[in-house]
Amino acid sequence: QVQLEESGGGLVQPGGSLRLSCTASGDIFEISSMGWYRQAPGQERELVASMTDGGAPNYHSSVRGRFTISRDNAKNTVTLGMNSLKPEDTAVYYCHAEIECIATTIPCGDFWGQGTRVTVAS
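Residues numbered from 1 in each chain as written. Predicted model: local features only at pLDDT ≥ 70, side-chain atom pairs only at ≥ 80, totals over all residues. Heavy atoms only, no water.

**A short note on the nonpolar core**
Residues L4, M34, W36, L80, M82 and Y93 are the most contacted members of the largest nonpolar core, which totals 30 residues. Among the elements of the structure, strand 1 (2-7), strand 3 (18-26), strand 4 (33-39), strand 5 (46-52), strand 7 (67-72), strand 8 (77-82), strand 9 (91-99) and strand 11 (116-120) are those that each provide at least two residues to this core. At five residues, the largest contribution of residues to this core is made by strand 9. Beyond its immediate stretch of four places on either side in the chain, L4 contacts C22, T23, A24, M34, C95, H96, A97, F111, W112 and G113. (Core = buried A, V, L, I, M, F, W, Y, C linked by side-chain atoms within 4.5 Å. Buried < 20%, exposed > 50% of the residue type's maximum accessible area, 1.4 Å probe, protein only. Helix = DSSP H or I, 4+ residues; strand = E, 2+ residues; numbered from the N terminus. Contact = heavy atoms within 4.5 Å.)

In structure tokens form, the structure reads like this:
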């Protein structure tokens, strides 16, 4: 079983910064991709940023240049630094981990955190 624990959400003024952190725990061998999705009310869940175990980042165009994704593979953690936050960044942010189904004795598939709320408002 794999569990994702998130932290760092909250209320921030436009132009401010937040840092989201996520730690995966359980019977884990390797997380091929780890990152963050977000979902605003009435909107589809969308990828914000992710990083492979090899260190290749992937950013949504709306956050590129403002957000920074980082990983510590040994600790099974991912961090999203968010700068110059805008009201349109307001959403529930979900940590995501993808574990390739290679070994039958190790949990695999897509795993999600419970979500942490980010509100950007004056």
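**Here's the deal with the packing of aromatic side chains**
Scanning all chains against the criterion turns up one aromatic pair. Ring geometry for Y37 against W112: centres 5.0 Å apart, planes inclined by 65°, an arrangement best described as edge-to-face. Linking Y37 in strand 4 with W112 in strand 10 (residues 109-112), this pair joins segments that are 75 residues apart in sequence. Residue class for Y37 comes out partly exposed when judged on its relative accessible area of 22%. On the basis of relative accessible area, W112 is assigned to the partly exposed category, the value being 38%. (Phe/Tyr/Trp six-rings, centres within 6.5 Å; stacked < 30°, edge-to-face > 60°.)

**Describing the state of the cysteines**
One pass over the full model with this rule turns up two disulfides. Paired through a disulfide, C22 and C95 show a sulfur-sulfur distance of 2.0 Å. Looking down the S-S bond of the C22 and C95 bridge, the torsion is -90°, so its handedness is left-handed. Note that C22 is positioned in strand 3 and C95 in strand 9, a separation of 73 residues in sequence. (Disulfide = S-S within 2.5 Å.)

**Structural notes on the environment of A103**
Structurally, A103 can be placed in the loop between strand 9 and strand 10. Between the alpha carbons of A103 and Q43 there is a distance of 36 Å; along the sequence they are 60 residues apart.

**Examining unusual backbone geometry**
Within the chain, N76 stands out as a residue other than glycine whose phi angle is a positive 55°. Along the chain, N76 falls in the loop between strand 7 and strand 8. Of note in this structure, S84 is not a glycine but carries a positive phi near 50°. Of note, S84 is situated in the loop between strand 8 and strand 9. Since its relative accessible area comes to 41%, S84 is described here as partly exposed.

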